[in-house]
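Structural overview for review
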Amino acid sequence: MYKIVEKREIAPRIKLLKVFASEIAKKAQPGQFVILRVDERGERFPLTLADWNKEDGTITLVFLEVGVSTRKLGELGKNEVILDILGPLGNPTEVRNYGVVCVVGGGVGIAAAYPVARALKEAGNKVVSIIGARTAELLIFEEEMMMFSDEFYVSTDDGTKGYKGFVSDVLKILIQKGHRFDLIYAVGPAVMMRAVAEVTRPCKVKTVVSLNPIMVDAMGMCGACRVTVGGKTRFACVDGPEFDAHDVDFGELIRRQMAFLSEEKMALECWEANKRSKEA
Amino acid sequence: MSKWDRLKAVPMPKQPIHIRIRNFDEVALGYNEEQALMEAERCLQCANPQCVLGCPVEIDIPGFIKLLRDGNFREAILKIKEKNNLPAICGRVCPQEDQCQKNCLLSKRGDPVQIGRLERFLADWEREHGVEIPEKLPSTGKRIAVIGAGPAGLTAAGDLAKLGHEIVIFESLHEPGGVLTYGIPEFRLPKRIVQAEINYIEKLGVVIKTDTLIGRLYTIPELLRDEDFDAVFIGTGAGPPIFMGIRGENLSGIYSANEFLIRVNLMRSYLFPKWDTPIKVGDKVAVIGAGNVAMDASRCALRLGAKEAHVVYRRSRAEMPARKEEVENAEEEGVIFDFLTLPIAYYGDEKGWVKRMECVKMQLSEPDESGRRRPAPIKGSNFFMDIDTSIVAIGRRPNPLIQQTTPGLKVAEDGTIIVDEKMRTSIDGVYAGGDIVTGEATVISAMGAGKKAAKSIHEYLTKKI
Ligand SMILES: Cc1cc2nc3c(=O)[nH]c(=O)nc-3n(C[C@H](O)[C@H](O)[C@H](O)COP(=O)(O)OP(=O)(O)OC[C@H]3O[C@@H](n4cnc5c(N)ncnc54)[C@H](O)[C@@H]3O)c2cc1C
Ligand SMILES: Cc1cc2nc3c(=O)[nH]c(=O)nc-3n(C[C@H](O)[C@H](O)[C@H](O)COP(=O)(O)OP(=O)(O)OC[C@H]3O[C@@H](n4cnc5c(N)ncnc54)[C@H](O)[C@@H]3O)c2cc1C
Ligand code: SF4
Ligand code: FES
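Since this is a predicted model, take the numbers as computed values, not measurements.

**What about the sheet that holds strand 13 (residues 183–187) of chain A?**
Residues and elements named next belong to chain A. Reading across from one edge, 12-11-10-9-13-14-17 is the order of the seven strands in this open sheet, with mixed pairing throughout. The open sheet is flanked by strand 12 (163–164) and strand 17 (242–244), the only strands paired with a single partner. In the sheet, strand 9 (residues 100–106) pairs with strand 13 via five bridges, with the strands oriented parallel. Along strand 13, the bridge assignment pairs Gly105 with Val187. Helix-sheet contacts for helix 6 (residues 190–200) involve strand 9, strand 13 and strand 14 (207–210), and the interaxial angle to strand 13 is about 160°.

Written out as structure tokens, the structure reads:
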């Protein structure tokens, strides 16, 4: 059981939890994630480690409420507990001095980009960050990202803040303007990562993405998370979650993410109906 | 009740077929006292019992059957427990037909004594009448880390705890039990039976830490160096599912058997949406492979509402590796067997959901030197099967994380951990057993390995003082 020590709503439907999980905090590295189960009947679902603190033994999770699992998690308050957290999982980001790196975060993926940007900065890189969201109020972790960025760009789909368009558009403009990058790191929705991959493919800059397929055990035993990378099937939970963006079959990833769409919808309706009847 | 006949086994009561395919409750209901006594009466009490030779842990079979026959159930179960820590489980899932019962003298002329059913009867009787917690030896002050809470780890932990050692089991999943919990379905091995065995082991003072992935949270060198453990037992079992590597295999609706069974058993998705983990089977399901895992998967698929479940197997009936009893159960429930059939490609709809499976027919060669008949495709025999789901049950590899994170640990080419006859690995104080050493095997062999390792670890730790 893992106690929530801090809870904040950092944007509409995006919540931040600080959870006491000292063993995980001790071992966490950038790019890694945990898998959790909110309660006895809950499903196992992954969240990236947005931060951790070895001293006070906490880990930070940032999530968008989309379906039953994330809604249930969002309902938990300070001092309540999460039943199970397993981690740290996945291979850590390869952090070294590449030279100039561009870190791209989209939506709730900005929180996942943050520890990577920080580590890359601390490793001596020049960090150029691009973060984006649908609209201004959904932008998260701006100050945190800014703190570890040498250059910092913002985009929103509707133009309410920064460049009007996608993060991949900003990246494209920077490259066209002659920016040279030694590494591009992108995390966010699959469509956004695909767009980034397409922008960097022609100039052949090494581009790393952190994939987010459906996971069940997250320890390599089920294959739910399989993705095709360079024509080979890989298990994202243990072989990844980071892969070379130019080798990833994003179409397959996106289709597999939607495998249970009708079940998820039905589950959410049941859960909401249940909640209403409890409140009544 | 039918007339007693020495050559005929007392039949096992089962849930009626039309009812059981609508639920996940246990299919085989177990003998009552009268039936158990009748079956025990059939044993010849051989002076030179062949059955014992067939038992991987050498239970004194005529011994416990005699005690049972005399109505001394408590003594009878204790006789079994001298050698077998998990009789309620083994009585249900051991392949007795290939082990003790295969050797039974009676099987030459009729049905063998139903040793497994008697074992199950006694274990269930004990659970209902109260399990005695044995005296533990005084504390030795030694600490042992057991990695993995499957049958190998649970057994090693139980035996070592009785000897006075302090045991912590580290299990990565949120529930202990290994395959017994996440793989074998409720209708074959109810969770409460596994839970009872786990409770017993906890009563011996064993601490089970779930949600702990060794290799990531702690490595073995860290356990020995920083966490004050004197020895380690590795019982991490088999994990990564093998896929066929054919076209379209990553379409949605194609599960590994492990994913399918983890969803159904560990995550209780047969109770979706009351429980949160979804599962989708559709009308027509193909299960690839013909082992126990394939039987479990096909029978689960029917219970989840599939109209047709096919077991698709590239060899013939005679080569099926599944337990006979489970094949019979599957057939009774309506599973269709497509023998000599090999899938070669999948095709999906615009949403990426599998819709069709292309197969070829196979023929078996004459037996080769090893006596095995090899399947080979028949040219031009390709055909299509419309399906909504495919479940790939063709095997699993050893879990690799410990091997990858333990410098100096000797590992075979197939990824299994190498041990000597005392279950010692190449690292001093580190032992291993179960599927992680043998590759996919059986509950009883994993349990036997756990026992053997416990004995060696005890020797090692007491000598070291
Ligand atoms: C490695 C990894 C790291 C992630 N990190 C974050 C993060 O830091 N913050 C965040 O908000 N989200 C993160 N996600 C996505 C998050 O896991 C899903 O949003 C969540 O599981 C949705 O569950 P739900 O029941 O609320 O919604 P549902 O309505 O059940 O699902 C909505 C969508 O989420 C995806 N999803 C559903 N179940 C799972 C599952 N078991 N595993 C993975 N994806 C699933 C599916 O694509 C689905 O269509 C991450 C995913 C992965 C694989
Ligand atoms: C569906 C199915 C049906 C079967 N049916 C039968 C049957 O009818 N009869 C029979 O005799 N056998 C059967 N078997 C085989 C039998 O279950 C196995 O041989 C047996 O469970 C092996 O035991 P084990 O203790 O070695 O490993 P497992 O039972 O696999 O347990 C290993 C445990 O270690 C954990 N683990 C792995 N890595 C780590 C790590 N790094 N850190 C912490 N924990 C870790 C795993 O989560 C797991 O809980 C079946 C197997 C399957 C999959
Ligand atoms: S071989 Fe059969 S008849 Fe003989 S002792 Fe064993 S169980 Fe009894
Ligand atoms: S989530 Fe099960 S193998 Fe990756």
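**Observations concerning the site of ligand 1**
Residues and elements named next belong to chain A. Near ligand 1, the surroundings consist of 24 residues, among which Pro46, Val62, Thr70, Met215 and Gln257 are the closest. Within the contact set of ligand 1, an oxygen atom lies 3.1 Å away from a side-chain nitrogen or oxygen of Glu43. Interatomic distance of 2.9 Å between a backbone N/O atom of Ser69 and an oxygen atom of ligand 1. Coverage of ligand 1 by the protein amounts to 86% of the 860 Å² it exposes when considered alone. The set of elements that each furnish at least two residues to the shell around ligand 1 consists of strand 4 (45–48), strand 6 (58–64), helix 2 (68–75) and helix 9 (261–279). Of all the elements, strand 4 adds the most residues to the shell around ligand 1, at four residues. Tallied by class, residues from the shell around ligand 1 come to 15 nonpolar, six polar and three charged.

**Considering unusual backbone geometry**
Glycine aside, residues mostly have negative phi, and peptide bonds are mostly found in the trans state. In the segment running from Gly240 of chain A into Pro241 of chain A, the intervening peptide bond is cis, with an omega of 10°. Secondary-structure assignment places Pro241 of chain A in the loop between helix 7 (236–239) and strand 17. Going from Phe272 of chain B to Pro273 of chain B, the amide bond is cis rather than trans, its omega being 5°. Looking at where Pro273 of chain B falls in the secondary structure, it is placed in the loop between helix 13 (257–266) and strand 7 (284–288). Of note in this structure, Asn79 of chain A is not a glycine but carries a positive phi near 75°.

**Focus on the pattern of salt bridges**
Residues and elements named next belong to chain B. Scanning all chains against the criterion turns up 56 salt bridges over all chains. Among the salt bridges present, the one from Arg263 reaches Glu259, with a minimum N-O distance of 2.9 Å. Linking Arg263 with Glu259, this pair stays in helix 13, spanning four residues, or about one helical turn. Its relative accessible area of 2% is what places Arg263 among the buried residues. On the basis of relative accessibility, which here comes to 3%, the residue Glu259 falls in the buried class. Residues Arg396 and Glu440 are paired through a salt bridge, measuring 3.2 Å at the closest nitrogen-oxygen approach. In this pair, Arg396 is assigned in strand 15 (residues 396–398) and Glu440 in the loop between helix 17 (435–438) and helix 18 (443–464), connecting sequence segments 44 residues apart. Several salt bridges converge on common partners, so that one network encompasses Lys14, Arg20, Arg188, Asp296, Arg299, Arg303, Glu326, Glu332 and Glu333.

What counts and how
- Residues numbered from 1 in each chain as written.
- Chains lettered and ligands numbered in written order.
- Predicted model: local features only at pLDDT ≥ 70, side-chain atom pairs only at ≥ 80, totals over all residues.
- Heavy atoms only, no water.
- Pairing = 2+ DSSP bridges.
- Helix = DSSP H or I, 4+ residues; strand = E, 2+ residues; numbered from the N terminus.
- Contact = heavy atoms within 4.5 Å.
- Axes fitted to C-alpha atoms, helices over the stretch in contact; angles between N-to-C directions.
- Near = heavy atom within 4 Å.
- Polar contact = N/O pair within 3.5 Å; in protein donor to acceptor, adjacent residues only side chain to side chain.
- Areas by Shrake-Rupley, 256 points an atom, 1.4 Å probe, with all protein chains shown as cover.
- Nonpolar A, V, L, I, M, F, W, Y, C, P; charged D, E, K, R; others polar.
- Salt bridge = Lys/Arg side-chain N within 4 Å of Asp/Glu carboxyl O.
- Buried < 20%, exposed > 50% of the residue type's maximum accessible area, 1.4 Å probe, protein only.

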